[in-house]
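Analysis of the macromolecular model
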Amino acid sequence: MTAPASYIKALISLHRGLPRQGPGSEALTRRLLQGLEGLPARPVVADMGCGSGAAALVLAQQLQVPVQALDLARPFLVELAAAARARGLAHLIEPVQADMGRPPWPDGTFHLIWSEGAAYSLTFAGALERWRPLLRPGGLLVASEMTWLQDQRPEPVRLFWENSYPQMSDEAGNRAHAAAAGFRVLDTALLPAADWWDSYYTPLKRRIDRLGLLVDAVMEQVILETEVEMELFRQFSGCYGYVFYVLRRED
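Let me begin by describing the structure that accompanies this report. Residues take numbers from 1 onward in each chain, read along the sequence in its written order. Totals for whole chains, interfaces and linings use all residues, but because this is a predicted model, local features are given only for residues with pLDDT of at least 70 and pairs of side-chain atoms are given and counted only at 80 or more. The basis for every side-chain value is the complete set of non-hydrogen atoms in the structure, without hydrogens or water.

Looking now at the overall build of the protein. Helix numbers and strand numbers start at the N terminus; a helix is a DSSP run of H or I with at least 4 residues, a strand a run of E with at least 2. The secondary structure content of the protein amounts to 9 helices and 8 strands. Radius of gyration means the value over C-alpha atoms here, while the globule rule gives 2.2 Å times the residue count to the 0.38 power. Taking 18 Å as the expected radius of gyration for a compact globule of 251 residues, we find that the protein reaches 18 Å, a close match to that expectation. Taken along its principal axes, the extent of the C-alpha atoms in the protein is 50 × 45 × 30 Å. Out of the 251 residues in the protein, the part that is buried amounts to 50%. Looking at the protein alone, contacts between residues at least 24 apart form 79% of all its contacts between residues at least 6 apart. Throughout, exposure labels follow a simple rule: accessible area from a 1.4 Å probe, protein chains only, divided by the maximum for the residue type, with under 20% read as buried, over 50% as exposed, and the rest as partly exposed. Whether two residues are in contact is decided by their heavy atoms, any of which lying within 4.5 Å being enough.

A separate point is helix α7 (residues 171-180). If you check which residues of α7 are buried, you get G173, N174 and A178. Here the buried residues of α7 occupy an arc of 145 degrees about the axis, which is enough to place them on one side. The outward face of α7, more than 90 degrees from its buried face, is lined by the exposed residues A172, A179 and A180. Packing partners of the buried residues in α7 comprise α5 (124-131), β5 (135-148), β6 (169-170), β7 (183-190) and β8 (240-249). Taking the helix axis as origin, the arc is that swept by the directions to the C-beta atoms.

What follows is about the pattern of salt bridges. We count a salt bridge whenever a side-chain nitrogen from Lys or Arg sits within 4 Å of a carboxyl oxygen from Asp or Glu. For the structure shown, the criterion picks out 12 salt bridges. For the salt bridge of E79 with R16, the shortest nitrogen-to-oxygen distance reads 4.0 Å. Here R16 lies in the loop between α1 (5-15) and α2 (26-34) and E79 lies in helix α4 (residues 74-86), a separation of 63 residues in the sequence. Take R16: its relative accessible area is 42%, and that puts it in the partly exposed class. When the shortest N-O distance is used, the salt bridge between E231 and R234 registers 3.4 Å.

This part is about the layout of surface pockets. Put simply, the grid is 1 Å and covers the protein atoms alone, a cavity is a trapped set of points that fit a 1.4 Å probe, a pocket is an open set with protein on both sides within 12 Å along at least five of seven lines, and lining residues have an atom within 4 Å of a point. Grid points are joined across faces, edges and corners, and a volume is the space filled by probe spheres set on the points. Of the voids in this model, the second largest pocket is the one considered here, and its volume is about 150 Å³. The class makeup of the residues in the lining of the second largest pocket is 5 nonpolar, 1 polar and 4 charged. All amino acids are sorted into three groups, where Ala, Val, Leu, Ile, Met, Phe, Trp, Tyr, Cys and Pro are nonpolar, Asp, Glu, Lys and Arg are charged, and the leftover types, Gly among them, are polar.

What follows is about the pairing of β8. The element β8 is largely enclosed, with a buried count of 10 among its 10 residues. For two strands to be treated as a pair, DSSP must find no fewer than two bridges joining them. One ladder, built from 9 bridges, connects β5 with β8; its direction is antiparallel. Directly across from A143, in β8, lies its bridge partner Y245. Sheet topology note: the β7/β8 ladder contains 7 bridges and is antiparallel. Bridging from a neighbouring strand, T188 pairs with Y245 of β8.

Of note, Q64 is a non-glycine position whose phi angle comes to about 55 degrees, a positive value. Topologically, Q64 is positioned in the loop between α3 (54-63) and β2 (67-71). With a phi close to 70 degrees, T123 is a non-glycine residue in the positive phi region. Topologically, T123 is positioned in the loop between β4 (110-115) and α5.

This is the structure we're talking about:
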């Protein structure tokens, strides 16, 4: 079920101006990017669900090629454009306001599609199915996906994620999704728990603390749900996390 527009607006407002709109790590992004094999000298690249562009900026800087940075939220694309100018990368960042489920490019466009913390909105299986045709034969897809890390799941965290993301699977399940969609898994990497706090939760908590009581009912709901999520991760980070899946299109 799609969230009400007022809820989405509050969620965007809460995350504006933050380094990231979800957990991630520039160091891990760089490490995975440097480990990719089979890219041409000047690959055609897209970042799906780029937010304000933490990953897109790294891709542009490392590869020195234009990056099609797609997100539906215009405020984040405005922030990305400003950050690109500040880093001298404006000529390499091409913001695209569009729906990840209906990207505006023809099939076979990209050598590399990157996506951090965004595929879940289509479900992991749905994202792989939708994005695979956009890749050229042998093209690469690197996506992080919320993943169960152990079979024993305490009741609070199980109930939370069954409500928030019932399609969430373990690594074996996501490997199966990849194979079914026509991908070969080349590598996986777990985002360390510390990176959730350093780059995302800690700046987000500071934002919440600054807002204090100056919020309406919708923002209050968004904040409450965010604080529940943070506390669950504090207690149960060994149970789940973001896993990066490095995939190659098989033909």
